[in-house]
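This is what each chain is made of:
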Amino acid sequence: MSKQAPKSRAVPTKVPGIYKSDSVRDVAESLNITNLPEVVASALASDVEYRISQVVEEAARFMRHAKRTTLTTADIDQALRVLNIEPLYGHFPYNPPTFRRALPFPQMPSAGPVYFIEDEEIEFDRALREEKVTLPKGVSWTAHWLAVEGVQPLIPENPPAVPRDTDPESAAAKQAVPSSLSGSIFPPTPPSSDRPSPIQASKQQPQQHSAVKQVLSRELQLYYTRLTSSLLPPTSDFAKRTAALASLQHDAGLSPLLPYLVRWVGQGVVDTLRSGSQSENDGRVLEVLLDVINALLNNQTLGVEPYLHQLLPSIFSILLHSALPPSHSVHLRTLAAQILSHLLTHYSTTYPGLSSRIVKTLIVGLIGEGKSRSTREGAIRGLMGIGKEAVRQGLVKHHGAKVIGDECMPGESSPLVELVMESFRMIHPPSAQPTPLNPDSGADASVIEDLRSHLGGFFAERVMGDSAWARGILSDEGPGA
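Rules of the game
- Residues numbered from 1 in each chain as written.
- Predicted model: local features only at pLDDT ≥ 70, side-chain atom pairs only at ≥ 80, totals over all residues.
- Heavy atoms only, no water.
- Helix = DSSP H or I, 4+ residues; strand = E, 2+ residues; numbered from the N terminus.
- Contact = heavy atoms within 4.5 Å.
- Core = buried A, V, L, I, M, F, W, Y, C linked by side-chain atoms within 4.5 Å.
- Buried < 20%, exposed > 50% of the residue type's maximum accessible area, 1.4 Å probe, protein only.
- Axes fitted to C-alpha atoms, helices over the stretch in contact; angles between N-to-C directions.
- Parallel < 35°, antiparallel > 145°, perpendicular 65-115°, else oblique.
- Left-handed = near helix turned anticlockwise from the far one by under 90°.
- Nonpolar A, V, L, I, M, F, W, Y, C, P; charged D, E, K, R; others polar.
- Salt bridge = Lys/Arg side-chain N within 4 Å of Asp/Glu carboxyl O.
- 1 Å grid on protein atoms, 1.4 Å probe; cavity = no way out; pocket = protein on both sides within 12 Å on 5 of 7 lines; lining within 4 Å.
- Points joined across faces, edges and corners; volume = space filled by probe spheres on them.
- Phe/Tyr/Trp six-rings, centres within 6.5 Å; stacked < 30°, edge-to-face > 60°.
- Patch = residues over 30% accessible without salt bridge, like charges linked within 9 Å, V, L, I, M, F, W, Y side chains within 5 Å.
- Areas by Shrake-Rupley, 256 points an atom, 1.4 Å probe, with all protein chains shown as cover.

Caption draft 1: Main features of the overall build of the protein chain. Across its full length, the protein chain carries 21 helices and 2 strands. The contacts in the protein chain between residues at least 6 apart in sequence include a share of 63% that link residues at least 24 apart.

Caption draft 2: Layout of the nonpolar core. The biggest cluster of nonpolar side chains holds 86 residues, and the ones touching the most others in it are F424 and F459. When residues no more than four places from it in sequence are discounted, the contact partners of F459 are A401, I404, G405, V417, V420, M421 and F424.

Caption draft 3: Local environment of the packing of helix 2 (residues 38–65) against helix 3 (residues 73–82). As a packed pair, helix 2 and helix 3 sit with axes 8 Å apart at the nearest point and diverge in direction by 120°. Here helix 3 runs oblique to helix 2, going by the angle between their axes. Crossing geometry of helix 2 relative to helix 3 is assigned as right-handed. Of helix 3, the residues touching helix 2 (which contributes V55, E58, A59, F62 and M63) are D75, I76, Q78, A79, L80 and V82. Broken down by class, the residue content of the contact of helix 2 with helix 3 amounts to 8 nonpolar, 1 polar and 2 charged.

Caption draft 4: Examining the pattern of salt bridges more closely. Evaluated as defined, the whole model comprises 12 salt bridges. For the salt bridge of E130 with R126, the shortest nitrogen-to-oxygen distance reads 3.2 Å. Residue classification places E130 among the partly exposed residues on the basis of a relative accessible area of 43%. Using a relative accessible area of 33% as the deciding quantity, one classes R126 as partly exposed. Each member of the salt-bridge network shares a partner with another, and the members are D22, R25 and E38.

Caption draft 5: Main features of the packing of helix 15 (residues 373–386) against helix 18 (residues 415–427). Across the interface, helix 15 lies against helix 18 with an axial gap of 10 Å and an inter-helix angle of 20°. With respect to helix 18, the axis of helix 15 lies roughly parallel. Considering the relative orientation of helix 15 and helix 18, their crossing is left-handed. On helix 18, the residues that touch R373, R376, E377, I380, R381 and M384 of helix 15 are L416, L419, V420, E422, S423 and M426. Classifying every residue of the contact of helix 15 with helix 18 by side-chain character gives 6 nonpolar, 1 polar and 5 charged.

Caption draft 6: Representation of empty space enclosed by the protein in the model. Scanning the model with the defined rule gives 1 cavity of 30 Å³ or more in all. Its volume calculated, the largest cavity comes out at about 60 Å³. Lining the largest cavity are T272, L273, S275, G276, S277, Q278, D282, L286, A323, L324 and P325. Looking at the lining of the largest cavity, the elements that each hand over two or more residues are helix 10 (258–275) and helix 11 (280–298). With 3 residues, helix 10 is the single largest residue contributor to the lining of the largest cavity.

Caption draft 7: Structural detail: unusual backbone geometry. Even without a glycine there, the phi angle at N32 is positive, about 65°. Checked against the element boundaries, N32 lands in the loop between helix 1 (21–30) and helix 2. Judged by relative accessible area, N32 falls into the exposed class, the value being 71%.

Caption draft 8: Molecular detail of helix 20 (residues 456–463). Of all the positions in helix 20, only G456, F458, F459, A460 and V463 are classed as buried. Residues of helix 20 that are buried in the fold lie against helix 17 (400–406), helix 18, helix 19 (442–454) and helix 21 (467–474).

Caption draft 9: Quick peek at the packing of aromatic side chains. Inspection of the entire model under this criterion finds 2 aromatic pairs. With 5.0 Å between their ring centres and 80° between their planes, F458 and F459 make a pair best called edge-to-face. Members of the aromatic cluster, connected to one another through ring pairs, are F424, F458 and F459.

Caption draft 10: Local environment of a nonpolar patch on the surface. Taken together, the side chains of V27, L31 and I33 present a nonpolar region at the surface, about 270 Å² in accessible area. Mapped onto the fold, L31 is located in the loop between helix 1 and helix 2.

Written as structure tokens, this is what we have:
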């Protein structure tokens, strides 16, 4: 039985696509690519046709979701974005292009119909006379406080609070408040011996409340109240105070509150020093206020420069006050001097005359007639915080050491005297093997006369035992002079 020959399979005929390979060849020739093989052109044409169908399919999906039956250029743009392809520019859905059919070409009857977009001629006179239409504001996003320490602010962005049963005590307090002050912008703060109740505070400062109400939002008002109540003793503990100072030092949204915080610090310093009680609580309050100033100066996001003229009086008041609490006086003056040094380091280039003004104020507190010893001590600490040249200018050139020595008893060894000697050691370090000045020598005698003229007899006697140290204090050059 003979074996039948296998049937030959029919070769499938290739169905030409919509996008012709001739178009691919035309594009290749425009890119200076000649002799493109037919296989490559057919493969590229098939791929282009597939990509076009993919884009059209995605665009049709957007069209169906928009409940439309007409495909627009916006659908094509959305489809291209979904496929991570750069959209086409210059096509707008509200101004669809109109295609016109060109006249047939007698020379090329096989070219088929040709369509083109007719450009509209625009007259400049008519365009200039037309009224300009302003575009509406686009969609924007804004942030607001959902809750501050578990309390939801009453702002339009938040849902209304659930009404609760009326508290008889709060209702009585609300009736006690005058009608003109019932809309106080600050929530009630716990009253203490040093701070009046909210009703008294609202009676004392109605103008300040109305000014704040026009500027600050409800969230910032609540933040301000919680912040100030957490800082000042005795109603604050260490954890709350540390968190409040960290917030002042690092938070970036405190710019609207900055003028009110500066005013609050200044008023707190004035009220505390004016009382003159010199209690432990006053010392802690002044220390916290200095920490607040330091935190505001260290916050890189706040523009503190316009408020330096309001912060400096508070710093000088603590530094040069004559009646600070005894247990906190040294720490308060040292901290105020450090803040002055920090302030000059960061803002002396912005305000060239700031350094000379501060040094002049400290020198007046040092050599001023009738100044107390505490004021002179604060002035010396402020000069030491600025630098050794400021100390030399105050104690040597302006005879500050001589003024203090004239008020001291012979052989006195008080903290003020030790502070002056420490300032001398800052100007020039003493010698490891001191050599006293010789009054019989002409050069040493001239140095001794200069010491008595600039430092006075009290401190000249203490410096004469080290000739190199004495010459370094009087010299305008550095330690290596």
